[in-house]
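# Coordinate inspection notes
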Amino acid sequence: MVESRNGVLRRVGLFGTGSYAPEKVYSNADFEKMVDTTDEWITTRTGIKERHIAAEDEATSTMAVRAARSALEAAGIAPEELDLIVVGTVTPDHPFPASACLIQRELGAWNAAAFDLSAACAGFLYGVSVASQFVATGAANNVLVVGADTLSRIVNYKDRGSCILFGDGAGCAVLSSRDGGHEILPSGTLHADGRGAEVIYIHSGGSQHPITHEALETRLHQMQVSGREVYKFAVSKFVDLVRGQLEAHPDLELGLVIPHQVNQRIIDSARSRLGLPEEKVYSNIARFGNTSAASIPIALDELVRSGQMDEHRGKLIVFCAFGAGLAWGSAAMRW
Ligand code: UT7
């Protein structure tokens, strides 16, 4: 740990990204066999065509480790150089210890503190915010931020209104105080409103309602989603978050908005309210579904590795996410 130079906040750079999605894929046709639904309904209501589903021997930490190795390699930073690992997840491998500790062990990142944070779909951007403060203040030089979720383990596959939405995956970014990289701007925002705690949640399995046989039989240990309420909340926060970042950076040309991949209709509706053309808002939801905390870092890594970020050099990149908590937030970068 080092001190910030002269009490001045340090520049925070993004140096590498990585992602991983399991090999197994559930198509809409697979859901037609599980619940009363159709490919047509899922496609028109959500834009989703397929999602990746973890194999039996995969879990949040195993996916995250694969993503982390590529991110570290891309960053040119060794695991022992990490000071901190922050993992946004609502599906840790165990109730405790933190998946971050399992990831640390697997990577051999022996000099890193490690913890999970729970902000559901906003988990990666919450992680970026935390990591950025550590790097900016000098509390850490190199931080691995992970967004990873294995939602297939908590989805109710009898509930057609929610099961078709979700997929598994992991994405990572390495943030550092080193010279270079892509600048994380200090205008990121975090928000929460616990009055919406039951809009998307799991009732049983925590300290308030421990697991009982009855809870298992009635599937109270699985995710319950008030889809319509999340829909309205997501559109309105998406618009507010992106507008806030655009207003904070009038000097920068917008390159791309990379939103949490929640539902294509939510993305389209917010985009048209913002008056942005289709090519300014990235979407890969057709191929991944909603992967919760992993959705933004998977999207970013896909864009980086395909060379699509190259055209945005020097431009403003805006990220926004919203989900259970309710929790939402934004981040901005000069690419
Ligand atoms: O990242 C945060 C987590 N994400 C979310 O919580 C999801 C956000 N919400 C959504 O994406 C959308 O609200 C859904 C995709 C969940 C639902 O779309 P919607 O346009 O809001 O549909 P709805 O819930 O208003 O339901 C319309 C109809 C209902 O039937 P009736 O009552 O009109 O007869 C549902 O029962 O669609 C029915 N329905 C389905 N039909 C076929 C719901 N799910 C399905 C399905 N297949 N899978």
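Note: the structure precedes this text.
In this report, we go over the structure that sits alongside the text. Just so it is clear, the model here is predicted, and its values are computed rather than measured.

Attention now moves to the pairing of strand S6 (residues 142–150). A regular strand places its side chains so that they alternate between the two faces of the sheet. With nine of nine residues buried, S6 lies mostly within the body of the structure. Direction of pairing for strand S4 (residues 84–88) relative to S6: parallel, over a ladder of five bridges. From the neighbouring strand, Ile85 faces S6, where its bridge partner is Leu144. Bridging between S6 and strand S7 (residues 168–176) involves nine bridges; their strand directions are antiparallel. Looking at the pairing, Val145 lines up with Ala173 of S7.

Ranked by internal contacts, the top residues of the largest apolar core, which has 44 residues, are Met223, Phe238, Val242, Val257, Leu316 and Phe322. At the level of secondary structure, the elements contributing two or more residues to this core comprise helix H8 (227–248), strand S12 (254–259), helix H9 (264–274), strand S13 (316–323) and strand S14 (327–334). Take this core: its biggest share by element is nine residues, from H8. Inspection of this core shows a minimum of three residues originating in each of domain 1 (13–180) and domain 2 (189–334). The residues touching Leu316, leaving out its near neighbours within four places in the chain, are Leu185, Gln245, Leu246, His249, Leu252, Glu253, Leu254, Gly255, Leu256, Ala332 and Met333. Ile184, Leu256, Leu300 and Ala321 belong to the second largest nonpolar core, which has 35 residues in total.

The geometry of H8 relative to H9 is characterised by a closest axis approach of 9 Å and an angle of 40 degrees between their N-to-C directions. Taken together, the axis directions place H8 and H9 in an arrangement best described as oblique. H9 is crossed by H8, and the crossing has right-handed handedness. Facing H8, whose interface residues are Arg228, Tyr231, Ala234, Val235, Phe238, Val239, Val242 and Arg243, H9 presents Arg265, Ile266, Ile267, Ser269, Ala270, Arg273 and Leu274. Residue composition of the contact of H8 with H9, grouped by class: 10 nonpolar, one polar and four charged.

Take the packing of aromatic side chains next. For the structure shown, the criterion picks out five aromatic pairs. Measuring from centroid to centroid gives 5.5 Å for Phe233 and Trp328, while their planes differ by 80 degrees, and the two rings are edge-to-face. Residue Phe233 is located in helix H8, and its partner Trp328 is located in strand S14; the two are separated by 95 residues in the primary sequence. Relative accessible area serves as the criterion here: at 10%, Trp328 is assigned to the buried category. An aromatic cluster is built from Tyr26, Phe31 and Tyr157, whose rings are joined through pairwise contacts.

As a further point, take the pattern of salt bridges. Applying the stated rule across the entire model yields 10 salt bridges. Of the charged contacts, one joins Lys49 and Asp39 as a salt bridge, the two residues approaching to 3.2 Å between their closest N and O atoms. In this pair, Lys49 sits in the loop between helix H2 (39–46) and strand S3 (50–52) while Asp39 sits in helix H2, placing the two residues 10 residues apart along the sequence. On the basis of relative accessibility, which here comes to 38%, the residue Lys49 falls in the partly exposed class. A salt bridge links Glu183 to Arg334; the nearest nitrogen and oxygen atoms lie 3.2 Å apart. Taken together, the residues Glu183 in strand S8 (residues 182–184) and Arg334 in strand S14 connect sequence positions 151 residues apart.

Its location among the elements puts Val242 in helix H8. The contacts of Val242, once residues within four sequence positions are left out, are Val257, Leu274, Val318 and Cys320.

Surrounding the ligand, one finds 22 residues, the nearest of these being Thr37, Arg45, Arg228, Asn263 and Asn290. Arg45 places a side-chain nitrogen or oxygen 2.8 Å from an oxygen atom of the ligand. One nitrogen or oxygen atom from the side chain of Asn290 is found 2.8 Å from an oxygen atom belonging to the ligand. Protein coverage of the free-state accessible area of the ligand, which is 950 Å², stands at 74%. Listed by contribution, the elements that provide at least two residues to the shell around the ligand are H2, helix H6 (160–163) and H8.

Our next topic: the side chain of Asp301. Tracing the chain through its elements places Asp301 in helix H11 (residues 295–305). A relative accessible area of 3% places Asp301 in the buried class. At 2.7 Å, the side chain of Asp301 forms a polar contact with the side chain of Arg305.

Definitions and cut-offs
Residues numbered from 1 in each chain as written. Predicted model: local features only at pLDDT ≥ 70, side-chain atom pairs only at ≥ 80, totals over all residues. Heavy atoms only, no water. Buried < 20%, exposed > 50% of the residue type's maximum accessible area, 1.4 Å probe, protein only. Helix = DSSP H or I, 4+ residues; strand = E, 2+ residues; numbered from the N terminus. Pairing = 2+ DSSP bridges. Core = buried A, V, L, I, M, F, W, Y, C linked by side-chain atoms within 4.5 Å. Domains from an automatic or database assignment. Contact = heavy atoms within 4.5 Å. Axes fitted to C-alpha atoms, helices over the stretch in contact; angles between N-to-C directions. Parallel < 35°, antiparallel > 145°, perpendicular 65-115°, else oblique. Left-handed = near helix turned anticlockwise from the far one by under 90°. Nonpolar A, V, L, I, M, F, W, Y, C, P; charged D, E, K, R; others polar. Phe/Tyr/Trp six-rings, centres within 6.5 Å; stacked < 30°, edge-to-face > 60°. Salt bridge = Lys/Arg side-chain N within 4 Å of Asp/Glu carboxyl O. Near = heavy atom within 4 Å. Polar contact = N/O pair within 3.5 Å; in protein donor to acceptor, adjacent residues only side chain to side chain. Areas by Shrake-Rupley, 256 points an atom, 1.4 Å probe, with all protein chains shown as cover.

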